[in-house]
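# Coordinate analysis (summary)
Read off the chains here:
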Amino acid sequence: MSLKHHRGGLELSGSKSFVSKKWTFFLCIGFFCAGILFSDRMWPEPESNFVSREASDERLRLVSEDCDSSKKGVKRESKDILGEVYKSPDAIQTLDKTISTLEMELAAARAAQESIMNGSPVSDDFKLPETVTKRKYLMVVGINTAFSSRKRRDSVRATWMPPGVERKKLEEEKGIVMRFVIGHSSTSGGILDRAIEAEERKHGDFLRLEHVEGYLELSAKTKAYFTTALALWDADFYVKVDDDVHVNIATLGAELARHRVKPRVYIGCMKSGPVLAQKGVRYHEPEYWKFGEEGNKYFRHATGQLYAISRDLASYISINQNVLHRYANEDVSLGSWFLGLDVEHIDDRRLCCGTTDCEWKAQAGNICVASFDWSCSGICRSADRMKDVHRRCGEGQNALLAASF
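Quick summary incoming for the structure in this document. (Residues numbered from 1 in each chain as written. Predicted model: local features only at pLDDT ≥ 70, side-chain atom pairs only at ≥ 80, totals over all residues. Heavy atoms only, no water.)

### Regarding the overall build of the chain
Helix and strand counts for the chain come out as 14 helices and 12 strands. When burial is assessed residue by residue, the chain has 41% of its 405 residues classed as buried. Taking the contacts inside the chain whose residues are at least 6 apart along the sequence as the reference set, 73% of them involve residues at least 24 apart. As displayed, the chain has an accessible area near 24,000 Å², and 56% of this comes from carbon and sulfur atoms. (Helix = DSSP H or I, 4+ residues; strand = E, 2+ residues; numbered from the N terminus. Buried < 20%, exposed > 50% of the residue type's maximum accessible area, 1.4 Å probe, protein only. Contact = heavy atoms within 4.5 Å. Areas by Shrake-Rupley, 256 points an atom, 1.4 Å probe, with all protein chains shown as cover.)

### As for the pattern of salt bridges
Overall, the coordinates contain 29 salt bridges when judged by the stated rule. For Arg 152, the salt bridge is made with Asp 244, and the minimal N-O distance between the two is 3.7 Å. One end of the pair, Arg 152, is in helix 5 (residues 150-157); the other, Asp 244, is in the loop between strand 7 (234-242) and strand 8 (246-247), with 92 residues separating them in the sequence. A relative accessible area of 7% means that Asp 244 is categorised as buried. Residues Arg 157 and Asp 205 are paired through a salt bridge, measuring 2.7 Å at the closest nitrogen-oxygen approach. A residue pair is termed long-range when its members are at least 10 positions apart, and Arg 157 in helix 5 and Asp 205 in the loop between helix 7 (191-203) and strand 6 (206-212) qualify at 48 residues. By relative accessible area, Asp 205 is classed as buried at 2%. Residues joined by salt bridges that share partners form a network here, namely Arg 150, Arg 153, Asp 154, Arg 157, Glu 199 and Asp 205. (Salt bridge = Lys/Arg side-chain N within 4 Å of Asp/Glu carboxyl O.)

### What about the sheet that holds strand 10 (residues 301-310)?
The strand order 6-5-4-7-10-9-11 describes an open sheet built from seven strands, whose pairing is mixed. Of all strands in the sheet, those bounded by a partner on one side alone are strand 6 and strand 11 (344-347). Each adjacent strand pair in this sheet contributes to an overall mean axis angle of 25°, direction not counted. As paired elements, strand 7 and strand 10 share five bridges and run antiparallel to each other. The residue of strand 10 that forms the bridge with Tyr 238 is Ile 309. The strands that helix 7 touches are strand 5 (176-184) and strand 6; relative to strand 6, the one it contacts most, it runs at about 160°. Sheet strands touched by helix 10 (residues 311-319): strand 4 (136-144), strand 7, strand 9 (265-271) and strand 10. Its angle to strand 10, the strand with the most contacts, is close to 105°. (Pairing = 2+ DSSP bridges. Axes fitted to C-alpha atoms, helices over the stretch in contact; angles between N-to-C directions.)

### A short note on the packing of helix 8 (residues 218-232) against helix 10
The contact between helix 8 and helix 10 brings their axes to 9 Å, and the two run at 115°. The orientation of helix 8 with respect to helix 10, classified from their angle, is roughly perpendicular. Between helix 8 and helix 10 lies a crossing of left-handed hand. Residue-level inspection shows Lys 223, Phe 226, Thr 227 and Leu 230 of helix 8 in contact with helix 10, the latter providing Arg 311, Ala 314, Ser 315, Ile 317 and Ser 318. (Parallel < 35°, antiparallel > 145°, perpendicular 65-115°, else oblique. Left-handed = near helix turned anticlockwise from the far one by under 90°.)

### A few points about the state of the cysteines
Inspection of the entire model under this criterion finds four disulfides. Each sulfur of the disulfide joining Cys 353 and Cys 368 lies 2.1 Å from the other. Because the torsion about its S-S bond is -85°, the bridge between Cys 353 and Cys 368 counts as left-handed. Within this pair, whereas Cys 353 is found in the loop between strand 11 and helix 12 (357-363), its partner Cys 368 is found in the loop between helix 12 and strand 12 (370-371), the two being separated by 15 residues in sequence. Taking relative accessible area as the criterion, Cys 368 reaches 2% and is therefore assigned buried. Here Cys 358 engages in a disulfide with Cys 393; their sulfurs sit 1.9 Å apart. Given an S-S torsion of about 50°, the disulfide between Cys 358 and Cys 393 has right-handed geometry. A residue pair is termed long-range when its members are at least 10 positions apart, and Cys 358 in helix 12 and Cys 393 in helix 13 (residues 382-393) qualify at 35 residues. Across the chain, the way the bonded cysteines pair up, counted in sequence order, is 1-2, 3-5, 4-8, 6-7. (Disulfide = S-S within 2.5 Å.)

### Points about the environment of Ser 188
Here Ser 188 shows up in the loop between strand 5 and helix 7. Residue Ser 188 is classed as exposed on the basis of its relative accessible area of 68%.

### Description of the nonpolar core
Residues Met 139 and Trp 160 are the most contacted members of the largest nonpolar core, which totals 44 residues. When residues of this core are traced back to their parent elements, those giving at least two are strand 4, strand 5, strand 7, helix 9 (249-257), strand 9, strand 10 and helix 13. (Core = buried A, V, L, I, M, F, W, Y, C linked by side-chain atoms within 4.5 Å.)

### Points about the pairing of strand 4
The buried fraction of strand 4 amounts to eight of the nine residues, a majority that puts the element mostly inside the structure. Pairing of strand 4 with strand 7 involves eight bridges; the strand directions are parallel. The residue bridging Gly 142 from the neighbouring strand is Lys 240, located in strand 7. Bridge analysis of strand 4 against strand 5 gives six bridges, and the strand direction is parallel. Paired with Asn 144 across the bridge in strand 5 is Val 181.

### Describing the packing of helix 8 against helix 11 (residues 330-337)
With their axes 8 Å apart at the nearest point, helix 8 and helix 11 run at an angle of 55° to one another. Relative to helix 11, the element helix 8 is oriented oblique. Crossing angle aside, the handedness with which helix 8 passes helix 11 is right-handed. Contacts between helix 8 and helix 11 involve Leu 218, Ser 219, Thr 222, Lys 223 and Phe 226 on the former and, on the latter, Glu 330, Ser 333, Leu 334 and Trp 337.

### Concerning a nonpolar patch on the surface
Taken together, the side chains of Tyr 215, Leu 216, Leu 276, Val 281 and Tyr 283 define a hydrophobic patch exposed on the protein surface, amounting to about 490 Å² of accessible area. Turning to its location among the elements, Leu 216 is positioned in the loop between strand 6 and helix 8. The exposure class of Leu 216 is exposed, given its relative accessible area of 70%. (Patch = residues over 30% accessible without salt bridge, like charges linked within 9 Å, V, L, I, M, F, W, Y side chains within 5 Å.)

Interpretation in functional terms is not warranted from these geometric data alone.
Okay, here's the thing in structure tokens:
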């Protein structure tokens, strides 16, 4: 069958029937309408989709606007904060000190965690601060003493160290802790230890260390002191002073308070003495070869009569106490522990006045922090002369009461 053109329509070959143009037009329109109707019923477009899509677009627009406004607010706030920080050098130092303290505390926590994971017992040092860190102190003054130094301790108690009740008041009101620092004898519980225990019951002013006393063990004692003091008291500074040195506590507190916003501070009378290689001489250095040729000098470090370190340095010593090398002289050892660290060395000559010049300096209003005789590495015959030095070079009885740090 074939199609043939015919006037007025199409004719099917082999058949006499045909469809006119008019009917062809109406059939096309009908099929088109039927297709639309069929499509609407089978695949309807949900109206809710349009609504949800519009709602989603609206929410996205709102979130975008909020983010833009938040970014602008954060930028403004950041600019304000940075502006304030740039305005104040103290704010920068405070921030640096806070970061340093957090780093030290994190290191301590990691050390404790490693001990637990290795099955080792955790020192009580990590437990004590939970109950005592609520109280913040300005400084802990550890007075290094020996079993044979009872008269020296009594001379200190009679001069620059307040007695029991006043000392407790000093801790509570001024944040200053003062203790004589001593370990144990080689014979635990012997007569020397019992004598210190009796003295402690009378005065209550000792800090006992887990350490065996001995002159060649002063470096180990220094580490034990800072570690123990840090665990017991949360202070800005930890001070070590010998029991044959005169100290003006209020002046010391005021001097340290000037540096309390600084991180990693090491304060003292900085020196660089010769490395003594000859055996038998005082202050002989057995490891002299580590310092180069004979006749060389030590690196700069604070003289051992009195020095102070900030809390983060005490924390560093506590955390790393098992790997810190000890030299023969404790002041050299302390200085060596800070080599390679970002530590500020503060050379303050008021911490090492002589017992002769401290008097005229006090009269001129420039009161010394500490006084001693260089020839004796302390006050010569301090048990007999401490009261005289205190009378001539002391800051006055009311200095501590009037002090504000």
